[in-house]
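Reading the structure
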Amino acid sequence: MDEEPERAKRWEGGYERTWEVLKEDESGSLTATVEEILYQSKKRRVIKSHEQVRLGMMRHLYFVIDCSRSMDDQDLKPNRLTSTLKLMETFVDEYFDQNPISQVGIIITKNKRAEKLTELSGNPKKHIDALKKAVDTPCVGEPSLYNALSLALNNLKHMPGHTSREILIILSSLTTCDPANIYELITTLKSLKVRVSVIGLSAEVRVCTVLTRETGGSYHVILDESHFKELLMLHVKPPPASSSSECSLIRMGFPQHTVASLSDQDAKPSFSMSHLDSSSGAGLSLGGYFCPQCHAKYTELPVECKVCGLTLVSAPHLARSFHHLFPLQAFLESPTEKLLKNRCFPVPPVIMCFVWTVISSSTIRCTAAPAVFKVGGLHEAELDHNRHRIFIAVLLVFSLLAFSRPGLEE
Amino acid sequence: MKLNIDGLLVYFPYDYIYPEQYSYMLELKRTLDAKGHGVLEMPSGTGKTISLLSLIVAYQRAFPLEVTKLIYCSRTVPEIEKVVEELRKLMEFYAKETEEVNNFLALALSSRKNLCIHPEVSSLRFGKEVDGKCHSLTASYVRAQRHGNPNQPVCRFYEEFDAVGRQVPLPAGVYNLDDLKDLGRRKGWCPYYLARYSILHANIVVYSYHYLLDPKIADLVSKELAKKSVVVFDEAHNIDNVCIDSMSVNITRRTLDRCQNNVDTLQNTIQRIKETDAAKLREEYRRLVEGLKEANVARETDVYLANPVLPDEILKEAVPGSIRTAEHFVGFLRRFLEYLKSRLRVQHVVQESAPQFLKDIFDKVCIDRKPLRFCAERLQSLLRTLEITDISDFSAVTLISNFATLVSTYSQGFTIIIEPFEDRTPTIANPVLHFSCMDPSIAIKPVFQRFQSVIITSGTLSPVDIYPRILDFRPVTMASFTMTLARTCLCPLIVGRGNDQVALSSKFETREDFAVIRNYGNLLLEMSAVVPDGIVAFFTSYVYMENIVASWYEQGILENIQRNKLIFIETQDAAETSMALEKYQEACENGRGAILLSVARGKVSEGIDFVHHFGRAVIMFGVPYVYTQSRILKARLEYLRDQFQIRENDFLTFDAMRHAAQCVGRAIRGKTDYGLMIFADKRYARADKRGKLPRWIQEHINDGSLNLTVDEAVQLSKHFLRQMAQPFSQVDQLGLSLLTLEQLESPEMLKKIAQIAHQT
């Protein structure tokens, strides 16, 4: 599960200068690499993310996927478009896993136009199907940032005030073809509290910097595929809500799943409401979730009732969204020397150096379980919380049994 | 932040300091201590100006008797304003920290055009018109006439200033041009004359090079500045050209025609005055007999800055009798003028030295050397006597008389070239007499002699040892500083080959080569697809650019480029270029992306910064050698070889590389900025070229990026741009390239700082 996405193959990575990565930094400070800076900022982010903030839990997110000529570029394999769509599929899955009461829509932009691929909805299947189909779209022309943003804005502005309005743009092109002044649109976006984030596939473009800075989003540029995935996954977590967003109570229904027992002769198979409009058949089933208000039947949750508009969720969904609000405390960093001196530790430090490459001279202590991790990269510390728990449990077992599992290799 | 620079307490108005700034201040302090001159190179965007200002101000406060004045020379008005703003920040910091009122007076000075507040005069468009109009309102005899004739128009601001303005010195503070104008409006004083008067007692003066280097202006403005001053020439990489330009004279047929008119006017005026007021001319004659004794006394007592147009010898003598009376002088001018006209009637190029010219003029029209020497002084005196109001009309005759004085004074360092037509249009007769100065040290010599310390500094002065040679002075410190960086934010690449392995070069033989042009086009096309926002491309000349762009158009390359970015072109027309620049910036701003095609040595390459997204990449197509067929250049090269033992090739390469460095340096204007520098010519890979780039660029050229193909360059650029796009904040710089006081004082940092300065 926690397998690190493998980096691009050596022969795929273009001209790579491995000897430069190995450069020692003993004499001058001139060679501090970008990697080091990235590592530091990641660390800061992890520590910062554990502050108590209000989060926008009900999210409305529009993806904008650039399908312009530059998406044909083969620096991501097999090309940028395919790679992006693949990652988007996993993202959509992950997104709904973590934010069950949120919605997503997809827009693509090419040939100076923008069009909707899917409407805003909470059904991951629909999006994933659309994404799968989109692999074959030809990449032509220039993207239009303006058109894409205004299309998304027109849909988002009708969303209620307590939900978050977000746009996430995957931009590959370095140019945009706009029909009007984009800076005016940025002010509109700002006033409507739409948060725009951009993930650039090639380089930093000025207009995106301004766009994200003004609207409070984030702007990142990928280094390679694994970094791309990492950046995408940052958007799985709900963003902090602006203090000015409304608070309101929301009516929700918690329908029970009722399965008519086969013995019950009265039970008749019925159609699920969500299958009515879709042509895919086999909507007939015996059991299902029944809306507590109007008794419409649905086969899966979460969903917004088509009849009475009630949000139907199950308790675990809500709980899953809820955990973002109470994150686990951050790891504490303490130098190794101190630890070795201080032997009265409840659990003996597990030296896992042979599992993880050690590039940092400090260890990180998990606050939930007092085990000691010797961590290099932050992949471990940044595990999302579900995994985190499992991981710690596993680790505890191992540390108590005082042997480590060689198969834990990343 | 309060720093201890070698025992001197320096107030630095920022919380953080770059290591190289500290190093720079150390070096500067050493120069001031030794009371000598210095050449310091430090990359742009590392806070040269504030380092200079804070150290020199601190020095002035600590040793008020050693250094009385700072004269800061910059090139353009916006740069002057920037310096004043930094100074203001520094002074505010002083006021806050020391909590005492300091009596520092700092001000900027610019031309009348930028300072005039007279409603009519200031609305004129050209500097010359403003000067002329101002003169016609403020000249002493105009004002004298007003006593008899109250209708005579004068400038009320000047009158008011003349009446009371000199009584109280300007209150302490920092004044930029607008402040001066505001003050002028409030008090009703002329800001220009107020500033000119105030620089005499100001602690810091910020003005343009010309006020010190151009003999005509320096004589008016700067000659009384105190000897114990520190002079700073910022952005001084072109200082030799400024010096040469200020001493050179070009005479065309039009100049001579206008001069003829001037002489006629003079003749008529003399005739009129003779009838009405002969005493005046007699008085002048008497004065001339006495000679220029007063001027000589002044110079000997060391009150004035020496004027190279007014050489020492003539001060000791009286004006020769042959030109003492006004009529004789006018007759003399006529003869001289006729002689020049006859010289311009040549069919072939003539090049001769000053002594040859003098011999020829003596043979043909019997003009001696001596009266020629006094020509400039004599004309000034005559113009004063004749009370001519509008001096600007007499620029032609002034030019000719200056020429006469220079040609008879300097037997070396100048050459005379008469060309019957321009090189570009060999069929149209347009004779020009170039009297060109070949020795920049002539113009700058008085400055080095008079002032205690002269600092020459810029972002690109490499190789630093050549400047002392061509300017003929002996510096006590010469240093080149690098830029400490938390991440390598510049990426110099030398592209030597196309994808088809054709060698890329702008050298003469391959200039028309189709394959080279196509590969250059290919390079630009590929770069336009991977570089975001703005790209600036420099060509070696306008002609070359026109050829290439035309060829690209035919091959359809331009069309392909335009899919990625818009294209703007610099032209020789200033208005057109500034329009193109504006649109270029707009296109960079709104995400469309743009390419600016411009010319090395043009306006864009010198004065305009392409910060951040306005210049993510600079592409230098070819090596920007000067036009080597020019006779003036040839003469200069010869002179350099004979006098200073600088080989032609060395100088040409030096000159080309400083311009190339200027061009590519436009992209990096600070440590948070980043940019690609692409040198598209295989000749850059040679050690003699590469070695002449500034140290801070050279450091980042590694052997792997010496002879790249277009493809490889694109790969490297892609990688670099992605790396640079990663978030980068101030915290990342702290401790490496940005220091707090504690970090600065740590011993290992001090050791590192010692390595930053590269002594030569």
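So, how was this worked out
- Residues numbered from 1 in each chain as written.
- Chains lettered and ligands numbered in written order.
- Predicted model: local features only at pLDDT ≥ 70, side-chain atom pairs only at ≥ 80, totals over all residues.
- Heavy atoms only, no water.
- Helix = DSSP H or I, 4+ residues; strand = E, 2+ residues; numbered from the N terminus.
- Rg over C-alpha atoms; globule rule 2.2 N^0.38 Å.
- Buried < 20%, exposed > 50% of the residue type's maximum accessible area, 1.4 Å probe, protein only.
- Expected span 1.5 Å × (residues − 1).
- UniProt positions renumbered as here; feature names shortened; annotations may be inferred.
- Pairing = 2+ DSSP bridges.
- Axes fitted to C-alpha atoms, helices over the stretch in contact; angles between N-to-C directions.
- Contact = heavy atoms within 4.5 Å.
- Polar contact = N/O pair within 3.5 Å; in protein donor to acceptor, adjacent residues only side chain to side chain.
- Domains from an automatic or database assignment.
- Buried area = accessible area lost by both parts, 1.4 Å probe.
- Salt bridge = Lys/Arg side-chain N within 4 Å of Asp/Glu carboxyl O.
- Nonpolar A, V, L, I, M, F, W, Y, C, P; charged D, E, K, R; others polar.
- Parallel < 35°, antiparallel > 145°, perpendicular 65-115°, else oblique.

Turning next to the overall build of chain B. Helix and strand content of chain B: 35 helices and 22 strands. Computed over C-alpha atoms, the radius of gyration of chain B comes to 28 Å, within 12% of the 27 Å expected from 2.2 N^0.38 for 760 residues, which places it in the range of a compact globule. With respect to the three principal axes, the spread of C-alpha positions in chain B is 85 × 70 × 50 Å. Residue burial in chain B is summarised as follows: out of 760 residues, 59% are buried.

Looking now at helix H13 (residues 253-276) of chain B. At 3.6 residues per turn, the α-helix brings residues three or four places apart onto the same side. In this model, H13(B) (24 residues) spans 35 Å end to end at C-alpha, consistent with the 34 Å of a helix rising 1.5 Å per residue. Inspection of H13(B) places B:Thr255, B:Leu256, B:Cys259, B:Gln260, B:Asn262, B:Val263, B:Leu266, B:Thr269, B:Ile270 and B:Ile273 among the buried residues, and these make up the whole buried set.

The UniProt record annotates "domain: VWFA" (unreviewed entry) at residues 60-202 of chain A. Across residues 60-202 of chain A, the secondary structure splits into 36% helix and 27% strand, with the terminal C-alpha atoms separated by 27 Å.

Within a sheet, adjacent strands bond to each other through the backbone by hydrogen bonds, running parallel or antiparallel. All names here are of chain A. Taken in spatial order, the six strands of this open sheet run S3-S2-S1-S4-S5-S6, and their pairing is mixed. Looking at strand neighbours, the two that pair on one side only are strand S3 (113-121) and strand S6 (219-221), the edges of this open sheet. The average undirected angle you get between the axes of adjacent strands in this sheet is 15°. Where helix H3 (residues 80-98) meets the sheet, it contacts strand S1 (59-66), strand S2 (103-110), S3 and strand S4 (164-171), and its direction lies at approximately 170° from that of S1.

This part takes up the UniProt feature "zinc finger region: C4-type" (unreviewed entry) in chain A. As annotated in UniProt, the feature "zinc finger region: C4-type" (unreviewed entry) corresponds to residues 291-308 of chain A in the numbering used here. Measuring from the first to the last C-alpha atom of residues 291-308 of chain A gives 9 Å, for a span that is 0% helix and 22% strand.

The next thing to look at is the sheet that holds strand S10 (residues 350-353) of chain B. All names here are of chain B. With respect to topology, four strands assemble into an open sheet ordered S9-S12-S11-S10, the strand pairing being antiparallel. Each edge of the open sheet is held by one strand with a lone partner, namely strand S9 (249-252) and S10. On average, adjacent strands in this sheet sit at an angle of 15° to one another, irrespective of strand direction. When S9 meets strand S12 (residues 432-437), the two strands line up antiparallel, connected through four bridges. Across the sheet, residue Thr 252 finds its bridge partner in S12, namely Val 432.

All right, on to the pairing of S10(B) then. All names here are of chain B. Burial of the side chains of S10 is restricted to one face: Val 350 and Glu 352 are buried, whereas none of Gln 351 and Ser 353 on the reverse face is. The pairing of S10 with strand S11 (residues 414-419) spans four bridges and is antiparallel. Bridge pairing in S11 places Ser 353 opposite Thr 415.

The next point concerns the side chain of A:Arg59. All names here are of chain A. Position of Arg 59 among the secondary structure elements: in strand S1. On the basis of relative accessible area, Arg 59 is assigned to the buried category, the value being 1%. Within the structure, the side chain of Arg 59 is placed 3.5 Å from the backbone oxygen of Lys 237, a separation counted as a polar contact.

All names here are of chain B. On domain assignment, one finds that chain B holds domain 1 (247-439) and domain 2 (490-727). On the domain 2 side, the residues contacting the 13 residues of domain 1 number nine residues. Summing both sides of the interface, domain 1 and domain 2 together bury roughly 1000 Å²; the carbon and sulfur share of this comes to 58%. Taken together, the connections running from domain 1 to domain 2 amount to one salt bridge. Where domain 1 touches domain 2, the interface holds two residue pairs in polar contact (both at pLDDT 80 or more). Those elements giving two or more residues to the side of domain 1 that touches domain 2 turn out to be S11 and S12.

This paragraph deals with the interface of chain A and chain B. With 36 residues of chain A at the interface, the matching set in chain B holds 39 residues. Around 3300 Å² of area is buried between chain A and chain B when both sides are counted, 50% of it from carbon and sulfur atoms. At the junction of chain A with chain B, the criterion picks out five salt bridges. Where B:Glu589 meets A:Arg206, a salt bridge forms, and the shortest distance between an N and an O atom there is 3.4 Å. Viewed at the interface, chain B and chain A are joined by 10 residue pairs in polar contact (both at pLDDT 80 or more). Among the elements of the structure, helix H2 (34-48), helix H6 (182-191), helix H7 (206-215) and S6 of chain A are those that each provide at least two residues to the side of chain A that touches chain B. At five residues, H2(A) tops the list of elements feeding residues into the side of chain A that touches chain B. Of the residues assigned to the side of chain A that touches chain B, the class counts are 16 nonpolar, eight polar and 12 charged.

Here the UniProt feature "domain: Helicase ATP-binding" (unreviewed entry) sits at residues 7-285 of chain B. In this annotation, residues 7-285 of chain B is assigned 57% helix and 13% strand; the end-to-end C-alpha distance for the span is 60 Å.

Here the focus is the packing of helix H18 (residues 354-365) of chain B against helix H20 (residues 395-409) of chain B. All names here are of chain B. Remark: H18 packs on H20, axes separated minimally by 8 Å, with the N-to-C direction vectors making an angle of 110°. Between H18 and H20, the angle falls in the class roughly perpendicular. Contacts between H18 and H20 involve Ala 354, Phe 357 and Leu 358 on the former and, on the latter, Phe 403, Val 407 and Ser 408. Taken together, the residues that form the contact of H18 with H20 break down as five nonpolar, one polar and no charged.

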